[in-house]
Amino acid sequence: MNREPTFENALAFAADLIRIPSMSGEEGEVAARLQEEMRVLGFDRVEVDGLGSVAGVVRGRGDAPPVMLSCHLDVVAEGAHEEWEHPPFSGEVVDGHLHGRGAMDIKGPMALQVYAAAALADRAPGDVIVGQVVYEERGGWGMENLVRSGLVNPAAVIIGESTYGDIALGHRGRAQLEVVIRGLAGHASAPDRARNALDLLPGVLTGVAALARRQESDPVLGLASLAPTDVRVRPESPNVIPDEVIVVLDWRILPADTEASLIGRVEDAIAEVLPDVPAGYAIECRLASERQTSYTGRSADRNLLTPGFLMEPDHAVVTAAAKAVGRRGDPATSAHCRPWTFATDGGWTCGVFGIPTIGFAPGEERYAHTNRERLDVEEARWAFSRYPSLILAVQEAAGSG
Ligand SMILES: [Zn+2]
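What counts, and where the lines are drawn
- Residues numbered from 1 in each chain as written.
- Predicted model: local features only at pLDDT ≥ 70, side-chain atom pairs only at ≥ 80, totals over all residues.
- Pairing = 2+ DSSP bridges.
- Helix = DSSP H or I, 4+ residues; strand = E, 2+ residues; numbered from the N terminus.
- Buried ≥ 20, exposed ≤ 12 C-beta atoms within 10 Å, placed from the backbone.
- Contact = placed C-beta atoms within 7 Å.
- Domains from an automatic or database assignment.
- Nonpolar A, V, L, I, M, F, W, Y, C, P; charged D, E, K, R; others polar.
- Axes fitted to C-alpha atoms, helices over the stretch in contact; angles between N-to-C directions.
- Parallel < 35°, antiparallel > 145°, perpendicular 65-115°, else oblique.
- Left-handed = near helix turned anticlockwise from the far one by under 90°.
- Core = buried A, V, L, I, M, F, W, Y, C linked by C-beta atoms within 7 Å.

**A look at the sheet that holds strand S5 (residues 97-99)**
Moving on, step 1. The strand order across the open sheet built from three strands is S4-S5-S24, with neighbouring strands paired in antiparallel fashion. Two strands bound the open sheet, and with one partner strand each, they are strand S4 (93-94) and strand S24 (374-376).
Moving on, step 2. Direction of pairing for S4 relative to S5: antiparallel, over a ladder of two bridges. Counterpart to Val94 in the pairing with S5 is His97.

**Let's talk about the environment of Asp49**
Moving on, step 1. The residue Asp49 is located in the loop between strand S1 (45-48) and strand S2 (54-58) in this model.
Moving on, step 2. C-beta crowding within 10 Å serves as the criterion here: with 22 such atoms nearby, Asp49 is assigned to the buried category.
Moving on, step 3. Each C-alpha atom, one on Asp49 and one on Asn145, is 8.1 Å from the other, the two residues being 96 residues apart in sequence.
Moving on, step 4. When sequence neighbours within four positions are dropped, the list of residues in contact with Asp49 reads Asn145, Leu146, Ser149 and Leu151.

**Things to note about the environment of Leu304**
Moving on, step 1. Looking at the secondary structure, you find Leu304 in the loop between strand S19 (299-303) and strand S20 (305-306).
Moving on, step 2. The sequence separation of Leu304 and His336 amounts to 32 residues, and the corresponding C-alpha distance is 31 Å.
Moving on, step 3. Residue contacts for Leu304: discarding those within four places in its chain leaves Gly139, Ala175, Gln176, Leu287, Ala288, Ser289 and Glu290.

**Examining the domain arrangement of the chain**
Moving on, step 1. Domain annotation for the chain reports domain 1 (7-171 + 308-400) and domain 2 (173-292).
Moving on, step 2. Elements with a minimum of two residues in the side of domain 1 that touches domain 2: strand S9 (170-171), strand S21 (309-310) and helix H8 (346-352).
Moving on, step 3. Among the residues forming the side of domain 1 that touches domain 2, the class breakdown is six nonpolar, six polar and one charged.

**Some points on the packing of helix H7 (residues 316-325) against helix H9 (residues 377-400)**
Moving on, step 1. Their axes nearest at 8 Å, the elements H7 and H9 cross at an angle of 160 degrees. As the angle between them shows, H7 and H9 are arranged roughly antiparallel. Viewed along their axes, H7 and H9 form a crossing whose handedness is right-handed. Here H7 contributes Ala316, Val317, Ala320, Ala321, Lys323, Ala324 and Val325 to the contact with H9, which in turn contributes Arg386, Ser389, Leu390, Ala393, Val394, Glu396, Ala397, Ala398 and Ser400.
Moving on, step 2. Split into classes, the residues belonging to the contact of H7 with H9 amount to 11 nonpolar, two polar and three charged.

**Re unusual backbone geometry**
Moving on, step 1. In this structure, Ile106 follows Asp105 across a cis peptide bond, with omega equal to 20 degrees.
Moving on, step 2. The residue Ile106 is located in the loop between S5 and helix H3 (107-119) in this model.
Moving on, step 3. Note the cis peptide between Arg234 and Pro235, where omega equals -10 degrees.
Moving on, step 4. In this fold, Pro235 is placed in the loop between strand S14 (225-234) and strand S15 (240-241).
Moving on, step 5. The phi dihedral of Asp95 falls on the positive side, at around 50 degrees, and the residue is not glycine.
Moving on, step 6. For Asp95, the position within the fold is in the loop between S4 and S5.
Moving on, step 7. The phi angle at Asp122 is positive, at roughly 65 degrees, despite the residue not being glycine.

**As for the pairing of strand S16 (residues 244-253)**
Walk down a regular strand and you will see the side chains alternate between the two sheet faces.
Moving on, step 1. Of the pairings in the sheet, the one linking strand S10 (residues 173-182) to S16 comprises 10 bridges and is antiparallel in character. What sits directly across from Val179, in S16, is Val247.

**Section: the nonpolar core**
Moving on, step 1. Judged by nonpolar contacts, the single largest core of 89 residues is most densely connected at Ile167, Ala321, Ile358, Leu390, Ile391 and Val394.
Moving on, step 2. Top contributing element to this core by residue count: H9, with 11 residues.
Moving on, step 3. Other than its neighbours up to four places away in sequence, Leu390 contacts Ile158, Ala321, Ala324, Val325 and Phe360.
Moving on, step 4. Formed by 22 residues, the second largest nonpolar core is a distinct cluster that contains Val179, Ile181, Leu262 and Ile283.

Following this line, the structure appears as structure tokens:
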């Protein structure tokens, strides 16, 4: 090891990471910087998967099942620089806070994870993996690929999205759907010769509104929610009758929801209002997708569906984590356990792959994705001090379960 795994060094590394912009698909430079740091810190293995996600391994003293700490390499756009109180890529520490895009979501917590793992070299009962993935902010392609690739095979995962020191045990998922209404285009001066796709828009919106009023609820995660958020008309011309209208739906979903069940419910809700689609028209419900390209040059059309997940509050990993972390200022009392309001890669690790997953990190949710993003340095120092016992407790609980 050529660098001591101290909090001060972790903080300096976090500032370095903030200075490297890394939008989804442009994480190459930050990934390289991360690999360099892992090597300097004496990680036993540092590997990169096909999409460019980085997995570093710190070997344990035994063969207990590996635990993976995970954040993501990408950040959201910073917006107008002049609206930031501190420049978004400065990484400066002012008034006890680390500032900039990624300070809390998620380069600050990422640096803490990398250093916490390094500090446990030869101390943990099994390997500690640090998996930092691409494309989290656009639905989780990086995490899905990292686990599917087999490069990592963790028995439990600790996600470093901000929890303000609590233990997070799940979240709703998000699905973006589209209802496509198709008709026949024509000149606006002769509507009889056309089939105006807009004619069926009221029926579609009425059906969606009825479905939105009867959303299911989970006692921990709360209510699912559905909202139409956009209507796109094609061709987009004031004197042409459109043959295609796309209604965009944002759906915050519960862990049991699947692509098929979501589409089926929208179809049924529309069919209640429009039992017989008039001749010359068609209605299709589908998941929205977008073309994504990794910095390593791979492309895929990705469905815009981030799964939800929920760990049982009395799962051994959850209770062990809460006890190990304790409350700030009251270490003898178990940490508060609650869901996140936003979605994370835990939807993949736990919701899809069934790996026990919890969240722990400093930082307040309200600063995420804003131009006031910051991380309280003393809170981060406390979280860093809790990480070793958290990792050891989760590893032990995952092995016994
Ligand atoms: Zn994040």
